[in-house]
Every structure is written in C-alpha cells, then in structure tokens.
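Each chain is listed here by its residues.
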Amino acid sequence: MPEIGRLHLHCCKGRTSMATTDLLIIGTGPVGSAFARLIGDARPDLTITMVDLGPQVTDPPGSNVRNLSPRLRDRARERSQGRDRPSGDDARPVHIEGTIMSPGGTYLASPGHQDDMPAAALSSCVGGMGVHWTCATPRPNDDERAAFIPADEFDRALDEAERLMSVTTLPGNPYGNAIEAIAREHFGDALPEGREAAGLPMSAIPRTDGTIAWGGADTILGDTRVILRADTIARRLLVEGSRVTGAEVEHLPTGESSTIDARVVVVAANAFQTPQLLWASGIRPDALGRYLTEHVLIYSVVALGDEVVERAGTDVPVAQLVKDPTASTLGIPYTEDVHPFRTQIMHMADPPFPVDESKVDVGAARYVAMGNGVRKFPRAEDRLEFSDAETDAWGMPLMTIHYAITDREQAEIVRATEDLRSLASRFGEFVPGGEPALMPAGTSLHYKGTIRMGDDGGTASVVDQRSRVWGFENLFLGGNGIIPTATATNPTLTSVAYAVHAAPAVLDEL
Ligand SMILES: Cc1cc2nc3c(=O)[nH]c(=O)nc-3n(C[C@H](O)[C@H](O)[C@H](O)COP(=O)(O)OP(=O)(O)OC[C@H]3O[C@@H](n4cnc5c(N)ncnc54)[C@H](O)[C@@H]3O)c2cc1C
C-alpha cells in the first residue's frame, strides 16, 4: 500500500467489488479526522477507512494551506473549489456586489439556489475547510453549550479537543498588548473574570524560528493509520433496518462505483452535505436539514490613533512585528446577556482593502479589522430543501437554502453594532468604507444545526447526545451541523468536542 504522508492511500482504480472496513468515516475535515484519531488511538487493531469527494491538495494530506508558499497555496485553494471550479486568473475568490462571498479555497454551496444565504460556501478537498481555516479555537460559553450534556463532562471533552487540535495562545507584541489593555479598560467590570479581551486561542504550533505551523485536519489525525480514498464520493448509505452496513461510493476520476462494507459509519461531511447524503439514502427524519443557523457577522475596519502607539511604547514598525495578522488576533468571548456576541479584533499593518490614507487619521499602530459574531436562534423554517428530481454538480440531491433573520436577531445586530462603535471609538476612527456593516448571510462559514443533537427522542433533532442518529444503532454524525444551540463562538473546537463526547458510543459498536 503506497504511503502518502502519514496516511495510507488505498488505490481504488478499477475496483468494482466490495471493500470491508471496521469503521467508515465519510468526510476528512477536522471532525472526521477527530473520530479517526480517537478510535484509532483506542483500538489500533481496527481498520479505519476515510473517503472524501475532494482531491488531496496538500502534503501531508489535510494540512493547512497557510503553511505553504504563496504559489502552492493558490494552487491548493483553486483545487478545493469544487467540480466546476474556475482556473487560472479566474480562480480568485468569488466577488458579488463588491463583497468577498467565497474566500479562497471555498466555492458557493448551491449557486442559484441560495438567495437567502448568498455567501454559503463549501470546501471540497481532503481535510475539508480545515485546510483553509483561520484556526481560531475559542471555547463556547453559557447557553451556547447544550444543556443536556453535564458541564463537567463537556469541559473534559473540550480539554481533549484542545489537545487534539494543539490549541495555544500565541505570544503577543507591544501593540497587541496595548489594544488588549484599552479593550479591557473600556469594558471595566462589565465582563465576568476570564471573559475579558485576550489573545485568541489558535490551533497552531509556534516554531523555534518564530514562525508558526498552522493547524489543519492533519494536526488532529496525528499518526493514526487510516485508508484514505480521495476523490471518492459517498453516494448512498446502505441501510438494513436499524443498522447501516456501509456505503455505496464512486471514484470520481474513473466513474467506478463500489461498496464499502462497514461495521460502523460516521458521516462528518459538513452541515450541508451530511444531511444531503442522509436524504439521498432515504434517511429523512423531520429535523433533517432544519434549524439552520450561522454567526451573523458585523465587520468594520478602524485606523488606530495615537493612544495605541503611546501605550505600546515601541518604535518598531507594525509590519515587522505583525507578519501574519491571524497571529495577532484578540477575542472578547460570548457571555450570555452581558455580551451575547463574540468579538474578534485582528491587528494589521495594511488594511484589508485599499484605504486613502490622506482621508483618515492613522497612527503608527496602523489598523484593526473588528467584527462581532451574533447568534442566530434556531427555527425549523430555516432549512435546506433537497430535490428528488434535480442534482448538483456532484450528482447529489440539489439543495435550496431557506433562511431569514428575524426581529430577535435584528435587535441583537443593533446592539452588537453599538458595541463595536463604542469600542472602536477608544481605538481610533473607522476608515472610509470601514463603518460597521452587516455581512451577507453565509459569510461566517460556520453553518450549524442541520443535523442537530437533542435529548427529545428525535422530535426536533437528528442525533442523540452521543451523536448517534435516532433509530439507528451504528450510524453517527459529526460536524457543526450537530450544534443545536444559538452560538456566536467559532464552532470547530466545539464540534471536535462533540466528537470526543461521541467516541465512547462509537467504540461500543466496534
Ligand atoms: C477561510 C475559512 C476560515 C475559517 N476559520 C475558522 C476559524 O477560525 N475557527 C473555526 O472554528 N472555524 C473556522 N472555519 C470553519 C471550519 O473550517 C469548519 O468549522 C470545519 O472545517 C468543519 O469541519 P468538518 O470536519 O465538520 O467539515 P469540513 O471541514 O467541511 O469537511 C467535510 C468534508 O466532507 C467531504 N464530503 C462532503 N460530502 C461528501 C460525500 N458525500 N462523500 C465524501 N465526502 C464528502 C467534503 O469534501 C469535506 O472535505 C473557517 C473556514 C474557512 C473556509
């Protein structure tokens, strides 16, 4: 078996017969990789097969493109942008009405059928969005967490998720420290202890030379031995009564179909394509595809004034200290009632879009891009509708997104915008075009709720507290779609923690 990085590639060319495995994982993103790692560590004797409809675009498979040279990064991003991806100069992010709708490495989820969520996007590659992500891994707080999982149990799952993802807080710099101090003063005692502005936890490994290895799905997978089938789509789960017996898969480059016989199946194919696969398999519980939420995003850009420079007390130019703005990001956590949003403050030498510096008072501390993520409350009518007649570019049931912001969210958007304005006034002034703006629905890239977890026996949920599909013995789901609550916090750490919480139940079936 040829080896690719730390994964073992099981070449499927010409295969038409049935393969067998103990555990089949559909989707190789951070959550599928977490299931593989947890089961592989506990039972190294088992065979684990992972399939992904996308190509392998990085080496090791699933590693973060931000660890690559710009040329290789652009190529990897382009190759992750779906079947109908543009090439060459056209491979840049999709822009609609002047807004970045689909950043590099992603593509629109269902063009022509996503008017309600125009920026909804997917990444299709080994490692999923975990190859393209920013690596922010804050913990969920208060009512963002599912009430039916005991707090201490979920804390332990989060601890383990942080270990798997190599979560760390990166060292600060004098400017970042000044911004943090001003933000802390601004909120005073209003925020509970431990919820003040602070360096954002990141899935990252600082190297001794000062550079950073950004975390990807490969970080989570570690040295786990798996059989990886890239470019291989799961078309249908095979169902016998209350059990799945495997999946029908197709190797896309050759068009050859085969079945993979499995004792247990985990589907971790994101919040859009997991419910799509269940639908295609005739598994259609009432809650499937419903309760779609995301983080409503308000975004702004601020030119930093003299106070930041004075308090930083350094002459070193920002460009020298902040080579990658992602490494210089502060967060203000979600706190129910008091601060029901998640603030992200990214410090940068150059603004994210061209700014006429003759029209703005920008000091030597330069700029921050600041955003508030606002929660969206789950409603059954915010849903994915799958067609039995039409198919998407992958030949899977065509998806139409139904989604709307309600008065309840509108009120929180107003509050979150005021919160941003008030904090920004302590830092400096908004640049022209950088006033707080509500981003188009889907911009967050954090889609949740469509395969939601519950303790209600399946009335308004798809999986139980251990991520097992209601009514099935050996079918488990993973990913942000599991998240049943209204959340403002970046979801990947939470979803990996739900996988950690589910792993003992998966092991019981093996
Ligand atoms: C630019 C960017 C920045 C981000 N920043 C952050 C951040 O800072 N913090 C954060 O928490 N989150 C962030 N995210 C989101 C984060 O990447 C996702 O939450 C995370 O990747 C979800 O993991 P997953 O394994 O559930 O799904 P995915 O990573 O989406 O992986 C699912 C995989 O399933 C595969 N698949 C789908 N259908 C099938 C099928 N039928 N057969 C076979 N394979 C299939 C897909 O090809 C995909 O590879 C960001 C995303 C992007 C794109």
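For the chain, the name recorded in an unreviewed UniProt entry is FAD-binding protein, with Agromyces bracchium as its organism. As recorded by UniProt, the Sequence similarities (unreviewed entry) comment attached to the chain reads in full: "Belongs to the GMC oxidoreductase family." Per UniProt, the chain has the following entry under Cofactor (unreviewed entry): "FAD".

**Observations concerning the pairing of strand E20 (residues 367–374)**
A large share of E20 lies buried, amounting to eight of its eight residues. Covered by surrounding structure in E20 are Tyr-367, Ala-369, Gly-371 and Gly-373 together with Val-368, Met-370, Asn-372 and Val-374, the residues of both alternating faces. Looking at chain direction, strand E17 (residues 296–304) and E20 are connected through eight bridges and run antiparallel. By the bridge assignment, Val-302 is partnered in E20 with Val-368. Of the pairings in the sheet, the one linking strand E19 (residues 341–348) to E20 comprises eight bridges and is antiparallel in character. The residue of E20 that forms the bridge with His-347 is Val-368.

**Side note on the pattern of salt bridges**
Scanning the entire structure with this criterion turns up 34 salt bridges. Where Arg-37 meets Asp-41, a salt bridge forms, and the shortest distance between an N and an O atom there is 3.0 Å. Here Asp-41 and Arg-37 lie together in helix H1 (residues 30–42), a separation of four residues that amounts to about one turn. According to the relative accessible area criterion, Asp-41 is partly exposed, its value standing at 45%. Here Asp-382 ties to Arg-379 by a salt bridge, and the two come within 2.8 Å at their closest N and O atoms. Residue class for Asp-382 comes out buried when judged on its relative accessible area of 0%.

**Quick look at the nonpolar core**
Formed by 132 residues in total, the largest nonpolar core has its most connected members in Ile-26, Leu-237, Phe-272, Phe-427, Leu-475 and Leu-477. In terms of residues, this core owes the most to one element, helix H10 (residues 492–508), which gives ten residues. Residue assignment places this core across two domains, with domain 1 (3–134 + 216–292 + 380–403 + 446–508) and domain 2 (167–214 + 296–374 + 405–438) each supplying three or more. Setting aside anything within four residues of it in sequence, one finds Phe-272 in contact with Ala-109, Met-117, Ala-120, Ala-121, Leu-122, Leu-292, Leu-384, Phe-386, Met-399, Ile-401 and Tyr-447.

**Quick look at the state of the cysteines**
Scanning all chains against the criterion turns up zero disulfides. Not engaged in a disulfide, the cysteine Cys-125 finds its nearest cysteine sulfur in Cys-135; these two sulfurs lie 13 Å apart. Classification of Cys-135 as buried rests on a relative accessible area of 1%.

**Structural notes on the sheet that holds strand E11 (residues 201–206)**
Strand order in the open sheet formed by three strands is E9-E11-E12, with antiparallel pairing between adjacent strands. The outermost strands of the open sheet, each flanked by one partner alone, are strand E9 (167–169) and strand E12 (212–214). Neighbour-to-neighbour, the strand axes of this sheet turn through a mean angle of 70°, independent of strand direction. One ladder, built from three bridges, connects E11 with E12; its direction is antiparallel. When the bridges of E12 are listed, Ala-204 appears paired with Trp-214.

**Looking at the site of the ligand**
Not every one of the 34 residues close to the ligand is listed here, only the nearest: Asp-52, Met-129, Ala-136, Asn-480 and Thr-492. Between an oxygen atom of the ligand and a main-chain N or O atom of Val-31, the distance comes to 3.0 Å. At 3.4 Å from an oxygen atom of the ligand is found a main-chain nitrogen or oxygen belonging to Gly-128. When the free accessible area of the ligand is taken as 990 Å², the share hidden by the protein chains comes to 96%. Where the shell around the ligand is concerned, the elements lending two or more residues are H1, strand E14 (232–240) and helix H6 (270–280). Here the shell around the ligand takes three residues from E14, the largest share from any one element. Each residue belonging to the shell around the ligand can be placed in one class, and the counts come to 16 nonpolar, 17 polar and one charged.

**A few points about the pairing of strand E21 (residues 383–391)**
Successive residues of a regular strand alternate their side chains across the two faces of the sheet. Taken together, the five bridges between E21 and strand E22 (residues 397–402) define a ladder with antiparallel strand orientation. The residue of E22 that forms the bridge with Leu-384 is Ile-401. From the end of E21 to the start of E22, which pair antiparallel, there are five residues, and Gly-395 there has a positive phi angle of about 80°.

**As for H1**
Its 13 residues give H1 an end-to-end C-alpha distance of 18 Å, which sits within 8% of 18 Å, the value for a rise of 1.5 Å per residue. Along H1, eleven of the 13 residues are buried, which leaves the element largely enclosed by surrounding structure. Listed in full, the buried residues belonging to H1 are Pro-30, Val-31, Gly-32, Ser-33, Ala-34, Phe-35, Ala-36, Arg-37, Leu-38, Ile-39 and Gly-40.

**A few points about the packing of helix H3 (residues 151–164) against H10**
Between H3 and H10, the least distance of the axes is 8 Å, while the angle of their chain directions is 110°. For the element pair H3 / H10, the angle class is roughly perpendicular. The element H3 and its partner H10 pack so that their crossing is right-handed. Only Leu-493, Thr-494, Val-496, Ala-497, Tyr-498, Val-500 and His-501 of H10 make contact with H3, whose side of the interface consists of Glu-153, Phe-154, Ala-157, Leu-158, Glu-160, Ala-161, Glu-162 and Leu-164.

**Remarks on the domain arrangement of the chain**
Looking at the assigned domains, one finds that the chain contains domain 1 (3–134 + 216–292 + 380–403 + 446–508) and domain 2 (167–214 + 296–374 + 405–438). If you average the C-alpha positions of domain 1 and of domain 2, the two centres end up 32 Å apart. The interface of domain 1 with domain 2 comprises twelve residues on the first partner and 18 residues on the second. For the pair domain 1 and domain 2, the two sides together bury roughly 1100 Å², of which 52% comes from carbon and sulfur. Viewed at the interface, domain 2 and domain 1 are joined by one salt bridge. When the shortest N-O distance is used, the salt bridge between Asp-324 and Arg-66 registers 3.7 Å. For the pair domain 1 and domain 2, the number of links is four residue pairs in polar contact (both at pLDDT 80 or more). Along the lines of polarity and charge, the residues of the side of domain 1 that touches domain 2 split into four nonpolar, seven polar and one charged.

Procedures and definitions
Note on numbering: residues in each chain are counted from 1, in written sequence order. Totals for whole chains, interfaces and linings use every residue, but because this is a predicted model, local features are given only for residues with pLDDT of at least 70 and side-chain atom pairs only at 80 or more, for both listing and counting. Side-chain calculation: all heavy atoms of the structure are included, whereas hydrogens and water are not. UniProt positions are given in the numbering used here, feature names are shortened, and annotations may be inferred rather than shown by experiment. Summary of the burial criterion: residues with accessible area below 20% of their type's maximum are buried, those above 50% are exposed, and those between are partly exposed, where the area comes from a 1.4 Å probe applied to protein chains only. Numbered from the N terminus, helices here are DSSP runs of H or I no shorter than four residues, and strands are runs of E no shorter than two. We call two strands paired when DSSP finds no fewer than two bridges between them. Within this document, salt bridges are pairs made up of a side-chain nitrogen of Lys or Arg and a carboxyl oxygen of Asp or Glu, the two lying within 4 Å of each other. What is meant by a nonpolar core is a set of buried Ala, Val, Leu, Ile, Met, Phe, Trp, Tyr and Cys residues, joined one to another through side-chain atoms within 4.5 Å. What marks off one domain from the next here is an automatic or database domain assignment. Contacts: residue pairs with any heavy atoms within 4.5 Å of one another. Working definition: a disulfide is two cysteine sulfur atoms within 2.5 Å of each other. As a rule, the C-alpha atoms of each element are fitted with a line to give its axis, helices using only the stretch in contact, and angles between N-to-C directions run from 0 to 180 degrees. A single heavy atom is enough: if one lies within 4 Å of a molecule or strand, its residue is considered near that molecule or strand. N or O atoms closer than or at 3.5 Å make up a polar contact, with two conditions inside protein: a donor-capable atom paired with an acceptor-capable one, and, for residues adjacent in sequence, both atoms drawn from side chains. Each accessible area value is a Shrake-Rupley result obtained with a 1.4 Å probe; residue values ignore everything except the protein chains displayed when judging cover. Under the scheme applied here, ten amino acids are nonpolar (Ala, Val, Leu, Ile, Met, Phe, Trp, Tyr, Cys and Pro), four are charged (Asp, Glu, Lys and Arg), and all others, including Gly, are polar. The span expected for a helix works out to 1.5 Å for each residue beyond the first. Working rule for angles: under 35 degrees goes down as roughly parallel, over 145 as roughly antiparallel, 65 to 115 as roughly perpendicular, anything else as oblique. The hand of a helix crossing depends on one turn: near helix anticlockwise from the far one by less than a right angle means left-handed, and clockwise means right-handed. When two components associate, each loses some accessible surface as probed by a 1.4 Å sphere; the sum of these losses over both components is called the buried area.

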